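# Survey of secondary and tertiary structure
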Amino acid sequence: MDIIGEILGYVAGICTAIVFLPQSIRTLKTKDVKGLALSTYVIYNIGMLSWILYGVYLHSIQMILFNSISFIFSSIILYMIITQKK
């Protein structure tokens, strides 16, 4: 792969990896999950786990790394939704 493709891959990976970081921080601080849909995070986490497994299958460190980071942040939110909704 050429350098432009590598750079684009890393930029995309970093963006998708940290997309849930602000929401994770906010949710942990406020414990407010009223506006968050459980189904969204369940489906998203299943998708991320699938991408991680696909990355393992392809031996793609970038795919495994960036999707694992995203999975961790979205799992924090999912955990908060499950434990905080009454």
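Before reading on, note that the structure itself is shown above.
What this report covers is the structure whose coordinates are included nearby. (Residues numbered from 1 in each chain as written. Predicted model: local features only at pLDDT ≥ 70, side-chain atom pairs only at ≥ 80, totals over all residues. Heavy atoms only, no water.)

Another aspect to go through is the overall build of the chain. Helix and strand counts for the chain stand at 4 helices and 0 strands. In terms of principal-axis extent, the alpha carbons of the chain reach across some 50 × 25 × 15 Å. Sequence separation of 24 or more characterises 72% of the internal contacts of the chain that already satisfy a separation of 6 or more. Carbon and sulfur atoms make up 74% of the accessible area of the chain, which totals about 5900 Å². (Helix = DSSP H or I, 4+ residues; strand = E, 2+ residues; numbered from the N terminus. Contact = heavy atoms within 4.5 Å. Areas by Shrake-Rupley, 256 points an atom, 1.4 Å probe, with all protein chains shown as cover.)

Now for the nonpolar core. Counting 9 residues, the largest nonpolar core consists of Phe 20, Val 33, Leu 36, Tyr 41, Phe 73, Ile 77, Leu 78, Met 80 and Ile 81. In terms of residue count, the dominant contributor to this core is helix H4 (residues 61–84) (5 residues). The contact partners of Phe 73, leaving out residues within four places of it in the chain, are Ala 17, Ile 18, Phe 20, Leu 21 and Ser 24. (Core = buried A, V, L, I, M, F, W, Y, C linked by side-chain atoms within 4.5 Å. Buried < 20%, exposed > 50% of the residue type's maximum accessible area, 1.4 Å probe, protein only.)

Moving on, we get to the environment of Leu 38. Relative to the helices and strands, Leu 38 resides in helix H3 (residues 38–58). Distance in space between the C-alpha atoms of Leu 38 and Ile 18 is 20 Å, their sequence separation being 20 residues. Setting aside residues up to four positions removed in sequence, Leu 38 forms contacts with Leu 78, Ile 81 and Ile 82.

With 21 residues, H3 should reach 30 Å at 1.5 Å per residue; the first-to-last C-alpha distance of 30 Å fits that figure. All of the buried residues along H3 are Tyr 41, Asn 45, Met 48, Ile 52 and Gly 55. Summarising the axial view, the buried residues of H3 lie within an arc of 80 degrees, below the 170-degree limit, and thus occupy one face. Facing away from the buried surface of H3 by more than 90 degrees, the exposed residues are Ile 43, Ile 46, Leu 53 and Tyr 57. Contact partners of the buried residues in H3: helix H2 (21–30) and H4. Following H3 by one or two positions, His 59 has its phi on the positive side, about 60 degrees. (Expected span 1.5 Å × (residues − 1). Arc of directions from axis to C-beta.)

We now examine the pattern of salt bridges. One pass over the full model with this rule turns up 1 salt bridge. The residue Asp 32 makes a salt bridge to Arg 26 at a minimum N-O spacing of 3.8 Å. Arg 26 sits in the partly exposed class, given a relative accessible area of 42%. (Salt bridge = Lys/Arg side-chain N within 4 Å of Asp/Glu carboxyl O.)

Between two packed helices, what matters for the description is the angle formed by their axes and the separation of those axes. Their axes nearest at 9 Å, the elements H3 and H4 cross at an angle of 155 degrees. As the angle between them shows, H3 and H4 are arranged roughly antiparallel. The crossing of H3 and H4 is left-handed. Tallied by class, the residues present in the contact of H3 with H4 amount to 18 nonpolar, 7 polar and no charged. (Axes fitted to C-alpha atoms, helices over the stretch in contact; angles between N-to-C directions. Parallel < 35°, antiparallel > 145°, perpendicular 65-115°, else oblique. Left-handed = near helix turned anticlockwise from the far one by under 90°. Nonpolar A, V, L, I, M, F, W, Y, C, P; charged D, E, K, R; others polar.)

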